Amino acid sequence: AWTLSTAAFYKAGGRPWKLASVRERVCYVGLVFKKDASSGDARMACCAAQMFLDSGDGVVFKGAVGPWYSPANREYHLSRQAASELVKLAVETYKEHTDERDGDGNKRPPAELFIHGRVRFDDEEWAGFQSAVDSPTNLVGVQIRYAKRVKLYRAGEFPVLRGLAFVQDDQTAYLWTNGFTPRIQTYVGKEVPNPILINVCRGEALIEIVLNDIMALTKLNYNACKYASGLPVTLRFADAV
């Protein structure tokens, strides 16, 4: 009953909950792909993206269909033009939804734009992203994926705390987005939780800020009524769509 009523409330335009603190003028875009089996070409795939604003509001848009999949390395990468068009769409959508203006009355772009993906962005892809943003916007590329090779065990009935992080270096960290949650005094899961591996692979940002942002984005899956998800909503919801 709680799930159905909360989902109906959100779909009717309400906001079931909001984060206690958010960083202003920050935009997050999650990039996911799905192979197009109907084309007959093993390289053809559809790109989808989910953009989230600092308010917690999300916008889903579909990118181009093209030869983004490489059977050789089993990775998806956009062309420079497709990458540029996707980020231009994200920036314009941000301006439309926020309507923030500078001293001259021009709509302001985001101060920071984080692009989340499952693989590292290649040079052509990143050049396309960069060409679509103005100089005031700090563009950062973040690779996020589950790390199944790392396990952390805790003595007692429950696993490690949700939100625990191991910072490996300035660009890389392991973050346990699943685990024991003190507020509800339990762990919502059945197995020893796996951390996600976070790598700031392009651009510059403090790893602690990136970790805090990703933890916040795991709490914004309104559509599924999940207050605590293993993956940030930028990737999980776009992938579901």
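This text follows the structure it describes.
Residues numbered from 1 in each chain as written. Predicted model: local features only at pLDDT ≥ 70, side-chain atom pairs only at ≥ 80, totals over all residues. Heavy atoms only, no water.

**Student:** Is there a simple way to think about the environment of Gln-143 in this case?
**Tutor:** With respect to the secondary-structure elements, Gln-143 resides in strand 7 (residues 138–146). A residue is classified by how much of its surface remains accessible, and Gln-143, at 10% relative accessible area, is buried. A C-alpha to C-alpha distance of 5.0 Å links Gln-143 and Gly-117, two positions 26 residues apart in sequence. Apart from residues lying up to four places away in sequence, Gln-143 is in contact with Gly-117, Arg-118, Val-119, Arg-120, Leu-197, Ile-198, Asn-199 and Cys-201. At a separation of 3.2 Å, a polar atom in the side chain of Gln-143 contacts the main-chain carbonyl oxygen of Arg-118. (Helix = DSSP H or I, 4+ residues; strand = E, 2+ residues; numbered from the N terminus. Buried < 20%, exposed > 50% of the residue type's maximum accessible area, 1.4 Å probe, protein only. Contact = heavy atoms within 4.5 Å. Polar contact = N/O pair within 3.5 Å; in protein donor to acceptor, adjacent residues only side chain to side chain.)

**Student:** Just to check I follow, could you spell out unusual backbone geometry for this structure?
**Tutor:** Among all residues except glycine, the phi angle is most often negative; among peptide bonds, the trans geometry is most common. With a phi angle near 60 degrees, Arg-25 is a residue other than glycine that sits in the positive phi range. Here Arg-25 shows up in the loop between helix 1 (2–11) and strand 1 (26–35). Unlike most non-glycine residues, Gln-185 shows phi in positive territory, near 55 degrees. Position of Gln-185 among the secondary structure elements: in the loop between strand 9 (172–175) and strand 10 (196–202).

**Student:** Got a minute to help me understand a nonpolar patch on the surface in this structure?
**Tutor:** A surface patch of nonpolar side chains, about 220 Å² in accessible area, is lined by Leu-152, Leu-161 and Leu-164. Looking at the secondary structure, you find Leu-161 in the loop between strand 7 and strand 8 (165–167). Of the residues examined, Leu-161 reaches a relative accessible area of 39% and is grouped as partly exposed. (Patch = residues over 30% accessible without salt bridge, like charges linked within 9 Å, V, L, I, M, F, W, Y side chains within 5 Å. Areas by Shrake-Rupley, 256 points an atom, 1.4 Å probe, with all protein chains shown as cover. Salt bridge = Lys/Arg side-chain N within 4 Å of Asp/Glu carboxyl O.)

**Student:** Is there a simple way to explain the pattern of salt bridges in this structure?
**Tutor:** When their charged atoms lie close together, side chains carrying opposite charge are able to pair. Here the structure, examined in full by the defined rule, presents six salt bridges. Taking the shortest distance from any N to any O, the salt bridge between Glu-124 and Arg-80 comes out at 3.1 Å. Residue Glu-124 is found in helix 3 (residues 123–131), and its partner Arg-80 is found in helix 2 (residues 80–98); the two are separated by 44 residues along the sequence. The exposure class of Glu-124 is partly exposed, given its relative accessible area of 43%. Salt bridges sharing common partners tie together Arg-23, Glu-112 and Asp-213.

**Student:** Whenever I open this one, the packing of helix 2 against helix 3 confuses me. Can you help?
**Tutor:** Relative orientation and spacing of two packed helices are given, respectively, by the angle between their axes and the distance between those axes. Helix 3 packs onto helix 2 with a crossing angle of 35 degrees between their chain directions and a minimal axis gap of 7 Å. At the point where helix 2 passes helix 3, the crossing takes the right-handed sense. Along the contact surface, helix 2 presents Arg-80, Ala-83, Ser-84 and Val-87, while helix 3 presents Glu-124, Glu-125, Ala-127, Gly-128, Phe-129 and Ser-131. A breakdown of the residues in the contact of helix 2 with helix 3 according to their chemical character gives four nonpolar, three polar and three charged. (Axes fitted to C-alpha atoms, helices over the stretch in contact; angles between N-to-C directions. Left-handed = near helix turned anticlockwise from the far one by under 90°. Nonpolar A, V, L, I, M, F, W, Y, C, P; charged D, E, K, R; others polar.)

Such coordinate-based values are descriptive only and should not be taken to indicate function.
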